[in-house]
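Report on the structure
The chain contents come next:
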Amino acid sequence: FEAAWERQPEARAAAARRQAAEAGRAATQRLTAEPAALELQSTTGRGGSGGREYEATVALPLWLPGERMRAASLADAQLEAVDFRARAAQLKLAGTVREAWWTLKRAEGEAAAARDRLASAQQLAADVTRRVQAGDLARADQHQAESAVAQAQAAVAEADSARAGAEGALRGIVLAAPAPGSPAAPEPTPASSATLEHPVVAEARSRALVARRTMELTSTQRRANPELRVGASRETGGAGEPSVQSLIVGIRIPFGGGPRQDARVATAQAEALEAEAVADVEQNRVTSEATSGRARLQAAQVQVQAAERRASLAAETRGFYDKSFRLGESLLPPRLRAELQAAEAQPALARSRIEAAAAVSQLRQALGLLPE
């Protein structure tokens, strides 16, 4: 998971997103709503008097009432949303990695079971051949045993192909694959009292908060920002006339309101309501998935216990018939049936253990916990 996360676009862009959010937060600490603007103007005297006027003015955009506070609240929400977005992306990737990992472990288990069945079939075929040569069994029994070997060989090839495909899928996510035969160890089982907020829900709620803060800021910005203008002018007269200097102080107040502003406010309100509804839906969904995940894990644990009992009985039965068949005290059909039961019981046990371990991962995914 860690190797896969380092390659994700979200991981590479997280630092830049945080820098952008921090820059937005710093912008709310300025004394003016926007950067100041400098205006320079020169006017030639009229009527051929030869005079000239120079004017320099600085325009200072002012905050609207309540705008600075709400802009800071929005910036804080956006900064917090960056972290929640990264956590949600990590959890989504964790689900992909977990699915690919346990798909590979299932395929490896099937491949190992197929090889075990092949080894048992080959051993049985050798015993049948020995008894056919001794005249205890017919050639038809040998053909039946050799047919079982061929069937087992085909199953091994099919299982190896599935394992290679699953390994390739995992390698495509993390650019690497675990060593063959690495144990399918389960993740730590989460405590039933785990109450951490789910990253998906946290991200949805952070989006809703950003939308709400955006709506509040939009409601405040019902007109463009007023401007305070401060400057100076100097007027030079004609020949022999003195220069005159003046101080300029003014304010520019734009008109606001109108249908366009009403549309902006209504759109922001709609987005806030939608984001809050999405957060509620996500909360209900993850709660349901967590409940289902716990039930799935309990069922998987019961299946493991049943599979262990079945495998134990099948192994004992196979041992009984194997010994009697070697001594010539039993026929081939009962031996084949015992072999088939044992061949089915052992893979079933391995599958149940893998499914139980996968159920732990699914429960952790439902609870919003990253791989361990």
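A few points on the structure. (Residues numbered from 1 in each chain as written. Predicted model: local features only at pLDDT ≥ 70, side-chain atom pairs only at ≥ 80, totals over all residues. Heavy atoms only, no water.)

1. Brief notes about the overall build of the protein
When you go through the protein residue by residue, the secondary structure sums to seven helices and four strands. A compact globule built from 372 residues should have a C-alpha radius of gyration of about 21 Å, whereas the protein, at 38 Å, is more than 25% larger. Taken over 372 residues, the protein has a buried fraction of 37%. When contacts within the protein are restricted to residue pairs at least 6 apart in sequence, those whose partners lie at least 24 apart make up 81%. Working note: accessible area of the protein is about 21,500 Å², and carbon and sulfur atoms make up 54% of it. Between the averaged position of the 47 positive side-chain charges in the protein and that of its 45 negative side-chain charges there is a distance of 0 Å. (Helix = DSSP H or I, 4+ residues; strand = E, 2+ residues; numbered from the N terminus. Rg over C-alpha atoms; globule rule 2.2 N^0.38 Å. Buried < 20%, exposed > 50% of the residue type's maximum accessible area, 1.4 Å probe, protein only. Contact = heavy atoms within 4.5 Å. Areas by Shrake-Rupley, 256 points an atom, 1.4 Å probe, with all protein chains shown as cover. Lys, Arg positive; Asp, Glu negative; His and termini not counted. Charge placed at Lys NZ, Arg CZ, Asp CG, Glu CD.)

2. Observations concerning the pattern of salt bridges
Working definition: two side chains of opposite charge can pair if their charged atoms are close together. Tallying each qualifying case throughout the model produces 22 salt bridges. Linking Arg18 and Asp83 is a salt bridge whose minimum nitrogen-to-oxygen distance equals 2.6 Å. Taken together, the positions of Arg18 in helix 2 (residues 9-27) and Asp83 in helix 3 (residues 67-133) put the pair 65 residues apart, joining distant regions of the chain. The partly exposed category is assigned to Asp83, whose relative accessible area is 36%. Put simply, Arg98, Glu187, Arg364 and Glu372 are held in one network by salt bridges that share partners. (Salt bridge = Lys/Arg side-chain N within 4 Å of Asp/Glu carboxyl O.)

3. Quick look at the sheet that holds strand 2 (residues 52-61)
One open sheet accounts for four strands, arranged 1-2-3-4; its pairing is antiparallel. This sheet does not close on itself; its edge strands, each paired only once, are strand 1 (37-44) and strand 4 (244-252). Strand-to-strand twist of the sheet, defined as the mean angle between neighbouring strand axes without regard to direction, takes the value 15°. Across nine bridges, the pairing between strand 3 (residues 227-236) and strand 4 is antiparallel. Bridging across to strand 4, Gly231 finds its partner in Ile248. (Pairing = 2+ DSSP bridges. Axes fitted to C-alpha atoms, helices over the stretch in contact; angles between N-to-C directions.)

4. As for the packing of aromatic side chains
Aromatic rings considered in pairs are described by the distance between their centres and by the relative angle of their planes. Scanning the entire structure with this criterion turns up one aromatic pair. Directly above the ring of Trp101 sits Lys105, whose terminal nitrogen or CZ lies 4.8 Å from the centroid. (Phe/Tyr/Trp six-rings, centres within 6.5 Å; stacked < 30°, edge-to-face > 60°. Lys NZ or Arg CZ within 6 Å of the ring centre and 35° of its normal.)

5. Remarks on the packing of helix 3 against helix 4 (residues 139-174)
Here helix 3 crosses helix 4 at 160°, and the two axes come no closer than 8 Å. When the interaxial angle is binned, helix 3 and helix 4 end up roughly antiparallel. Here helix 3 runs over helix 4; the crossing is left-handed. Residues belonging to the contact of helix 3 with helix 4 are distributed by class as follows: 24 nonpolar, six polar and nine charged. (Parallel < 35°, antiparallel > 145°, perpendicular 65-115°, else oblique. Left-handed = near helix turned anticlockwise from the far one by under 90°. Nonpolar A, V, L, I, M, F, W, Y, C, P; charged D, E, K, R; others polar.)

6. Focus on the environment of Ala338
Mapped onto the fold, Ala338 is located in helix 7 (residues 332-367). For Ala338, a relative accessible area of 4% puts it in the buried group. Each C-alpha atom, one on Ala338 and one on Leu104, is 29 Å from the other, the two residues being 234 residues apart in sequence. Those residues in contact with Ala338 that sit more than four places away from it in its chain are Thr317, Arg318 and Tyr321.

7. Considering the pairing of strand 3
Sheet topology note: the strand 2/strand 3 ladder contains 10 bridges and is antiparallel. The residue bridging Thr57 from the neighbouring strand is Gly231, located in strand 3.

8. Points about the side chain of Ser352
Here Ser352 shows up in helix 7. Among the polar contacts listed, one links the side chain of Ser352 to the backbone oxygen of Leu349, at a separation of 2.7 Å. (Polar contact = N/O pair within 3.5 Å; in protein donor to acceptor, adjacent residues only side chain to side chain.)

9. Here we look at the side chain of Gln261
On the secondary structure map, Gln261 appears in helix 6 (residues 259-326). Judged by its relative accessible area of 7%, Gln261 is buried. A polar atom in the side chain of Gln261 sits 3.0 Å from the backbone oxygen of Gln221. Here Arg264 takes part through its side chain, which lies 2.8 Å from a polar atom of the side chain of Gln261. The residues contacting Gln261, other than those within four sequence positions of it, are Thr218, Gln221 and Arg222.

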